[in-house]
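So the chains spell out like this:
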Amino acid sequence: MNSSIFFQGGTLVLQHVEASEEMPPSFQFIKERWRCEAYHYSSVLPWLRQQAIRNDIPRWKHLALTLHETREPHDYQLAAFDAWKQAEKRGSIILPTGAGKTFVAIQAISHVNASTVVIVPTISLVHQWYSRLVNAFQTEIGVYYSGEKHVLPITVTTYSSAGDLIAEYGNTFQFILFDEIQHLPARSWGETALMAPAPFRLGLTATYPEEHEQTNGRWRVDELLGPIVYTQRIENLVGKQLAQYRTQRIRVNLTEEERVAYDAAYAIYMGFVRERKLRQSHGPGWLRELMRLSSFDPQARQAFLARQRLLNIIWGCEGKLATLDALLREYAGERILVFTESNAIAYRIAREWLVPAITHETGVAERKHILDAFQAGDYRVIVTSKVLNEGVDVPEAKVAVVLGGGSSKREYIQRLGRILRKQEQREALLFEVLARGTVEEGKVQRRHVPKEQR
């Protein structure tokens, strides 16, 4: 009988091929058939043709897309797009937040002109991508997530829903596009790329995962999507495609009462870390090890709780809130984003200053209302706890206040990017408020970010 290959639940399955046959190394003989992960499709395709095996995998469609995009691309966007094409339409593009990654992606979708799935981290980004794609192509766009499942030749889904979508419809998409690929190394989310046979792949981010984020059982982005094909640094675009910006660190003192509580918590927390030599034994993963130990070791649990107490002291200290009040008064005529490190502090600020808060608990409709009102000028300030770090467009914002220097390099760049979309010749301002003599200062010193402009 003639041999054939088909797609099944994220794998490629050969039928009518004997177990004794010599096969490419990607295949394994499981349950009486040769199988491999679907992402090997491109690499095994020449072998399939050579062996005259009938290919029943592709179910994707050629589309007749017309691009209704009136904006002219910048030179760096064209360079990024060309680099991806030259890499056989596989790989990742790194552009600063606000530099138009979505614009490049739309050009790529238009060029491929075939069934495409776009995978994003949040439902807010599903809605944002949906709007951009409808406007760009003037056609119906599918969405697939917990609240709605409507699969079309171009479909937008979330990382958490993509596994189910790809398992059932993976071979209907020739192009798979991942936004915010810093999330992709996570074990469950990276499997989505593994399950898809799509030969064309594109990853987008402002902050590519660091090496240690792609080890210890986590996926490597270059193996799933292809190499980094283009990178543009933020400082090269400032003043041209992005707004000029100035960052300023403001250091505040803990009160005497806050300092006593902080020092006591720090002694318990770091005393355990030093006693168990977690940094020496686990390197960058020492905090994860502390969290693991805290689930069953009483001393580790006390250390972890002490860490939480000292962070709560830093995040909500009186000096930071007084500084925030002064900045809100000083920039009363500007649209301002306030970033906090916890929901509790965000809600406290919302109550005390009577401003809207957006957290992971905020519903989609409420979040849209707040952002629309902010854009219209009805709200002047939004306080948020990390959920606006990535993806969401807030081009009216020109001042950001970060109440904590504990943010990572990635978070810092994402937050800076929220205020960098260029509007006229207005300067963007980012204030980072730190508690002096605390763990925040050490983290800021270890973080390598674009040079501050004072």
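These remarks concern the structure in this document.

1. Some remarks on the pattern of salt bridges
Okay, step 1: Considering all chains together, one arrives at 12 salt bridges under this definition.
Okay, step 2: In this structure, Arg 259 and Asp 263 form a salt bridge, with 3.6 Å as the shortest nitrogen-oxygen distance. In this pair, Arg 259 and Asp 263 are both assigned in helix α9 (residues 256-275), 4 residues apart and thus about one turn of the helix distant.
Okay, step 3: On the accessibility criterion, Asp 263 (39% relative accessible area) is partly exposed.

2. Considering the sheet that holds strand β11 (residues 175-179)
Adjacent strands of a sheet form backbone hydrogen bonds with each other and so pair up, either parallel or antiparallel.
Okay, step 1: Spatially, the 8 strands line up as an open sheet ordered β9-β8-β10-β7-β11-β12-β6-β13, and their pairing is mixed. Whereas interior strands pair on both sides, the edge strands pair on one side only; in this sheet they are β9 (148-150) and β13 (228-231). Adjacent strand axes in the sheet meet at a mean angle of 20° when their direction is disregarded.
Okay, step 2: Of the pairings in the sheet, the one linking strand β7 (residues 116-120) to β11 comprises 4 bridges and is parallel in character. Residue Ile 119 lies in a different strand from β11, and its bridge partner there is Phe 178.

3. Quick word on the packing of aromatic side chains
Okay, step 1: For the structure shown, the criterion picks out 10 aromatic pairs.
Okay, step 2: Arranged with centres 6.0 Å apart and planes meeting at 20°, the rings of Tyr 262 and Tyr 266 form a pair that is stacked. One end of the pair, Tyr 262, and the other, Tyr 266, are both in helix α9, 4 residues apart, so they sit about a helical turn from each other.
Okay, step 3: A network of ring pairs unites the aromatic residues Phe 81, Trp 84 and Phe 175 as a single cluster.
Okay, step 4: A cation over a ring is seen here: Lys 85 above Phe 81, with NZ or CZ 4.5 Å from the ring centre.
Okay, step 5: The lysine or arginine in question, Lys 89, covers the ring of Phe 200, its NZ or CZ lying 5.0 Å from the ring centre.

Basis of the calculations
Residues numbered from 1 in each chain as written. Predicted model: local features only at pLDDT ≥ 70, side-chain atom pairs only at ≥ 80, totals over all residues. Heavy atoms only, no water. Salt bridge = Lys/Arg side-chain N within 4 Å of Asp/Glu carboxyl O. Helix = DSSP H or I, 4+ residues; strand = E, 2+ residues; numbered from the N terminus. Buried < 20%, exposed > 50% of the residue type's maximum accessible area, 1.4 Å probe, protein only. Pairing = 2+ DSSP bridges. Axes fitted to C-alpha atoms, helices over the stretch in contact; angles between N-to-C directions. Phe/Tyr/Trp six-rings, centres within 6.5 Å; stacked < 30°, edge-to-face > 60°. Lys NZ or Arg CZ within 6 Å of the ring centre and 35° of its normal.

Bear in mind that shape data such as this cannot, by itself, settle questions of function.
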